[in-house]
Amino acid sequence: MSLVWREMMSVGNDVIDADHRYLIDIINQIERSLSTKNRRELVAGLDSLSHYSQEHFAREEKIANAVGYQQVPHLSESHAFLNKQLEQVKREVGEMGQEWSPAVAEKFTLLLRSWLIDHVIKEDMLLKPALQKYSPLFDPR
């Protein structure tokens, strides 16, 4: 079953929320490639996730700075940790053979889901009170 965006995941900023929705879409594509054992799509999906998450993290940190969020250094450390986790997943996938078991697919699926959802729930929600002082359309770029 695919990840589904829920309003309770909103941090109150349209830019960040749109990024999170798109990251969910990418993870859902990766899950499909894992379940269909499509290695080419899996590698492309992981590359897409890696690239887009870096863009998202930079945007999120810029917005956090602009709204005066005091925990930007912690947020930045969290993002660096997520990048390392994703690079580890990419390495492990690169070391897999052409075939993989349902258990391996489930392992990566659960890891990627928690990679995003845990971050949004545990880290990004801490940013929500600072964001609520601004319009949901706030974008300092």
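Rules used in this analysis
- Residues numbered from 1 in each chain as written.
- Predicted model: local features only at pLDDT ≥ 70, side-chain atom pairs only at ≥ 80, totals over all residues.
- Heavy atoms only, no water.
- Helix = DSSP H or I, 4+ residues; strand = E, 2+ residues; numbered from the N terminus.
- Buried < 20%, exposed > 50% of the residue type's maximum accessible area, 1.4 Å probe, protein only.
- Contact = heavy atoms within 4.5 Å.
- 1 Å grid on protein atoms, 1.4 Å probe; cavity = no way out; pocket = protein on both sides within 12 Å on 5 of 7 lines; lining within 4 Å.
- Points joined across faces, edges and corners; volume = space filled by probe spheres on them.
- Core = buried A, V, L, I, M, F, W, Y, C linked by side-chain atoms within 4.5 Å.
- Nonpolar A, V, L, I, M, F, W, Y, C, P; charged D, E, K, R; others polar.
- Expected span 1.5 Å × (residues − 1).
- Phe/Tyr/Trp six-rings, centres within 6.5 Å; stacked < 30°, edge-to-face > 60°.
- pLDDT = per-residue confidence, 0-100.
- Lys, Arg positive; Asp, Glu negative; His and termini not counted.
- Salt bridge = Lys/Arg side-chain N within 4 Å of Asp/Glu carboxyl O.
- Polar contact = N/O pair within 3.5 Å; in protein donor to acceptor, adjacent residues only side chain to side chain.

## What to know about the environment of glycine 45
Thought 1: Inspection of the secondary structure puts glycine 45 in helix 2 (residues 39-66).
Thought 2: The class of glycine 45 is buried, set by a relative accessible area of 8%.
Thought 3: For the pair glycine 45 and glutamate 31, spaced 14 residues apart in sequence, the C-alpha to C-alpha distance is 9.2 Å.
Thought 4: Beyond its immediate sequence surroundings of up to four residues, glycine 45 is in contact with Ile26 and Ile30.

## Quick look at empty space enclosed by the protein
Thought 1: Considering all chains together, one arrives at 1 cavity of 30 Å³ or more under this definition.
Thought 2: Here the largest cavity defines a volume of roughly 30 Å³.
Thought 3: Lining the largest cavity we find Leu23, His56, Phe57, Leu82, Trp115, Leu116 and His119.
Thought 4: If you list the elements that add at least two residues to the lining of the largest cavity, you get helix 2 and helix 4 (102-122).

## As for the nonpolar core
Thought 1: Ile30, Leu42, Leu46, Leu49, Trp115 and Leu127 are the most contacted members of the largest nonpolar core, which has 39 residues in total.
Thought 2: Taken together, the elements giving at least two residues each to this core come down to helix 1 (14-35), helix 2, helix 3 (72-95), helix 4 and helix 5 (128-131).
Thought 3: Among residues more than four places away in sequence, those in contact with leucine 46 are Ile30, Leu86, Val89, Lys90, Val93 and Leu112.

## Some thoughts on the layout of surface pockets
Thought 1: Approximately 180 Å³ is the volume found for the largest pocket.
Thought 2: Every residue along the wall of the largest pocket is listed here: Ser78, Phe81, Leu82, Gln85, Leu111, Ser114, Trp115, Asp118, His119, Lys122 and Glu123.
Thought 3: Breaking the lining of the largest pocket down by element, the ones donating at least two residues are helix 3 and helix 4.
Thought 4: It is helix 4 that provides the largest number of residues to the lining of the largest pocket, a total of 6 residues.
Thought 5: Residue composition of the lining of the largest pocket, grouped by class: 4 nonpolar, 4 polar and 3 charged.

## Examining helix 3
Thought 1: Taking 1.5 Å of rise per residue, the 24 residues of helix 3 would be expected to cover 34 Å, and the 35 Å separating its terminal C-alpha atoms lies within 8% of that figure.
Thought 2: Buried within helix 3 we find Val72, Leu75, Ser78, His79, Leu82, Leu86, Val89 and Val93.
Thought 3: Residues of helix 3 that are buried sit in contact with helix 2 and helix 4.

## Section: the packing of aromatic side chains
Thought 1: For the structure shown, the criterion picks out 3 aromatic pairs.
Thought 2: An angle of 65 degrees between the planes, with centres 4.6 Å apart, marks the rings of tyrosine 22 and tyrosine 52 as edge-to-face. Here tyrosine 22, found in helix 1, pairs with tyrosine 52, found in helix 2; they are 30 residues apart in sequence, far enough to count as distant.
Thought 3: Since its relative accessible area comes to 39%, tyrosine 22 is described here as partly exposed.
Thought 4: The exposure class of tyrosine 52 is buried, given its relative accessible area of 16%.

## Observations concerning the confidence of the model for the protein chain
Thought 1: This prediction gives the protein chain a mean pLDDT of 91; 100% of its residues lie at or above 70.
Thought 2: No element of the protein chain has a lower mean pLDDT than helix 4, which averages 86, and none a higher one than helix 5, which averages 96.

## Points about the side chain of aspartate 124
Thought 1: Of note, aspartate 124 is situated in the loop between helix 4 and helix 5.
Thought 2: Of the buried charged residues, aspartate 124 lacks a salt bridge, with arginine 59 as the closest side chain of opposite charge at 11 Å.
Thought 3: At a separation of 3.0 Å, a polar atom in the side chain of aspartate 124 contacts the side chain of histidine 119.
Thought 4: Residues within four places of aspartate 124 in sequence aside, it is in contact with Val11, His20, His56, Glu60, Leu75, His79 and His119.

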